Amino acid sequence: MQQDKDTIDFNKYLNYKGPDQVVTSFELDDILAQSSDQALSVKSKMPTLDKLLEGFESGELIAISGPRKSGKTLFAQSLTVNFLPTKSLWFSYELTLKQFLRTFPELPLFISPLKLKAYSLPWLKERILEALFKHCIGVVFIDHLHFLFDMVRAKNTSLEIGQVVRFLKQIAIEFNLIIFLLCHMRKVDLKDEPTDADVRDSSLVSSESDTGLILWRLVDTDNQAMVKVSYSRRTGVLDKTFKVVKINGLLREIQDE
Amino acid sequence: MNDAETIERANRVLKELEQELNTYQPLAWGIPWDFEAVERIEGIIALYHDRKRYWIKLLAGASETARKILIEFMKCADLEIEGAESVLFMIQGKKQHA
C-alpha cells in the first residue's frame, strides 16, 4: 500500500511542457534571445546618464530620491519630456493637477488620471492598465512613495514600503513598463552628499529597486543640482555623479569642457 | 521598437499560436468527450491566455496603429477563450448551453 503511494509517474515529468517547466541554461538563453526584442528602452537625453545606464529598460523600477526641494519632481518632468514619443503616466500626488500642468514651461504629452486616490495599490494598477490599453504608455512616474500607503495605519512602515516597492516591480515586469518612484529623504545636512541610506523609512527601497538616482541642490548656485547614479543593478554603476542646470524650466546636463 | 517591428512580432506570435493549436487538435465534435478532450481544451485556453499576455507586453510604448492591431488580436483571443470555455463546461457537465 505504502509502495503505491510512493509510485512516481515518471511519464508525467518527462512529458511536462507547462510554462513553469525546468530548462537548461542554454535553452533559457535561446528563449530570452527570442523574447528580449520586446524590451522597451528609452534614453534620458542626458549624455552621462545614458552612458552610465545605457538607457532605461522595461521591467525596471527606478527610485529617485533627494532632500526636500532638491528638484526630484523637476528632474522627473524633464525625463517625461525627453522620453517622448514614449508616453508617460503621471501620478502627481504632491501638487494639484492645475499646479502640476503649470510647472511645465511648455505642456508636453503625458497621461494622468483626472482624480487621484491615495493609499490604494489596486486603484493604481487599474489606472496603469487603463493608460496602457488606451495610450500605450511606456513609463510611469509616481510622486511620491509615501502616498501609496497609509502611514497612520501602517504597523511597520519599513515593511509596508517593502511591499509597495515589490508590488511596483511586479507591475513593471508584468506589463513591460519602466516605473519611476520618487522618494523623500530624511533630513540631511546640505553640506553632505546624500546616499541611498538616507532614503526615508526604508532601506528596502534601495534593495528592491533596479536603479537609484539621488539629487541634491548645489547651495552656492541658484539653478544647479547634482545627480548621482547611486546604484544600477543592470550596469553595475555605483556612485557616479553629474551636474544639471535648470534652463527654460527643465533640467539639462552640464557637460564638462 | 518601431511600428512595423511591433506588428511583425504580434503577427509572428499569431502564426505560432496557429501552429501550437495543432498540438491540441483535433478539437472535432466527433471525438469522445473524455479526459483527453478536457486536457486539449484547457491547453487551448492556456495558449490564448499566454498569447494575450505577450500582446499586452507589446502595448508598452507602441504606436496607435500597433495598439489597434494588438487590441483586435486580444479581442479575437477572448472570443476563442469564451468559445473553448463553453465547450469545456459542456464536457464537464457544469453548464448547459443551447
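Residues numbered from 1 in each chain as written. Chains lettered and ligands numbered in written order. Predicted model: local features only at pLDDT ≥ 70, side-chain atom pairs only at ≥ 80, totals over all residues.

Chemist: Even after reading the chapter, I still don't get the overall build of chain B, so can you show me in this structure?
Modeler: Each helix and strand counted, chain B has three helices and zero strands in total. Traced from its N-terminal end to its C-terminal end, chain B shows the element sequence α-α-α. Taking all 98 residues of chain B together, 24% fall into the buried category. Taking the intrachain contacts of chain B between residues at least 6 apart in sequence as the baseline, contacts between residues at least 24 apart amount to 68%. (Helix = DSSP H or I, 4+ residues; strand = E, 2+ residues; numbered from the N terminus. Buried ≥ 20, exposed ≤ 12 C-beta atoms within 10 Å, placed from the backbone. Contact = placed C-beta atoms within 7 Å.)

Chemist: Sorry, what's going on with the interface of chain A and chain B here?
Modeler: A common way to report how large an interface is uses the accessible area buried once the components associate. With 13 residues of chain A at the contact, the number on the chain B side is 11 residues. Grouping the amino acids of the side of chain A that touches chain B by side-chain chemistry returns eight nonpolar, five polar and no charged. (Nonpolar A, V, L, I, M, F, W, Y, C, P; charged D, E, K, R; others polar.)

Chemist: Looking at this model, I keep getting lost on the pairing of strand 4 (residues 88-92) of chain A. Mind explaining?
Modeler: Sheet faces and side chains relate simply in a regular strand, where the side chains alternate between the two faces. Residues and elements named next belong to chain A. With five of five residues buried, strand 4 lies mostly within the body of the structure. Alternating residues of strand 4 divide into Ser88, Trp90 and Ser92 and Leu89 and Phe91, and every residue in both groups is buried. As paired strands, strand 4 and strand 5 (residues 139-143) are joined by five bridges and run parallel to one another. Each bridged residue has a counterpart across the sheet, and for Ser88 the counterpart in strand 5 is Val139. (Pairing = 2+ DSSP bridges.)

Chemist: Where do I start with the confidence of the model for chain A in this structure?
Modeler: Detailed conclusions should not be drawn from predicted coordinates in areas where pLDDT is low. Summing up the model confidence of chain A, the mean pLDDT is 87 and the portion of residues at 70 or higher is 93%. Per-residue pLDDT, averaged within each element of chain A, yields its smallest value for helix 1 (residues 2-6) of chain A (59) and its largest for strand 5 of chain A (96). (pLDDT = per-residue confidence, 0-100.)

Chemist: What should I look at first to understand the sheet that holds strand 7 (residues 211-217) of chain A in this one?
Modeler: Pairing between the strands of a sheet is mediated by backbone hydrogen bonds and can be parallel or antiparallel. All names here are of chain A. Spatially, 4-5-6-3-7-8-9-10 is the arrangement adopted by the eight strands of the open sheet, whose pairing is mixed. Every other strand in the sheet has two partners, leaving strand 4 and strand 10 (250-254) as the edge strands with one partner each. Across this sheet, the average inter-strand angle for adjacent strands is 25°, counted without regard to direction. Summarising the sheet, strand 5 and strand 6 (residues 178-184) pair through five bridges and their orientation is parallel. Pairing of Asp143 across the sheet is with Leu182, part of strand 6. (Axes fitted to C-alpha atoms, helices over the stretch in contact; angles between N-to-C directions.)

Chemist: When you look at the nonpolar core in this model, what are you seeing that I'm missing?
Modeler: Nonpolar side chains tend to gather and get buried jointly when the protein is soluble and globular. Residues Val139, Val140, Ile179, Phe180 and Leu181 of chain A together with Ala60 and Leu70 of chain B are the most contacted members of the largest nonpolar core, which totals 74 residues. Element by element, the count of residues in this core is highest for helix 2 (residues 35-59) of chain B, at eight residues. Apart from the residues within four sequence positions on either side, Phe180 of chain A is in contact with Ile62, Ile64, Ala76, Val139, Val140 and Phe141 of chain A. (Core = buried A, V, L, I, M, F, W, Y, C linked by C-beta atoms within 7 Å.)

Chemist: I would appreciate a short explanation of helix 8 (residues 157-174) of chain A in the present structure.
Modeler: For an α-helix, 3.6 residues make a turn, and residues three or four places apart therefore share a direction. All names here are of chain A. Over its 18 residues, helix 8 runs 26 Å from end to end, which matches the ideal 26 Å to within 8%, given 1.5 Å per residue. Inspection of helix 8 places Ile161, Val164, Val165, Leu168 and Ala172 among the buried residues, and these make up the whole buried set. Looking straight down helix 8, one finds its buried side chains confined to an arc of 95°; they lie on one side. Where helix 8 ends, the next residue or the one after it, Asn176, has phi of about 65°, a positive value. (Expected span 1.5 Å × (residues − 1). Arc of directions from axis to C-beta.)

Chemist: How should I be thinking about the environment of Lys246 of chain A in this particular structure?
Modeler: Residues and elements named next belong to chain A. Tracing the backbone through its elements, the reader meets Lys246 in strand 9 (residues 238-247). Once the C-alpha coordinates of Lys246 and Phe75 are considered, the two residues, 171 residues apart in sequence, prove to be 9.4 Å apart. Discounting chain neighbours no more than four positions away, the residues touching Lys246 are Leu74, Asn223 and Leu251.

Chemist: Mind showing me how you'd approach helix 7 (residues 121-135) of chain A here?
Modeler: Residue and element names in this part refer to chain A. Compared with an ideal rise of 1.5 Å per residue, which puts 15 residues at 21 Å, helix 7 spans 21 Å between its outermost C-alpha atoms and is within 8% of the ideal. Of all the positions in helix 7, only Leu124, Arg127, Ile128, Ala131 and Leu132 are classed as buried. Here the buried residues of helix 7 occupy an arc of 140° about the axis, which is enough to place them on one side. The exposed set on the far side of helix 7, more than 90 degrees from its buried face, consists of Pro122 and Lys134. The positive-phi residue at the C-terminal boundary of helix 7 is Cys136, with phi of around 50°.

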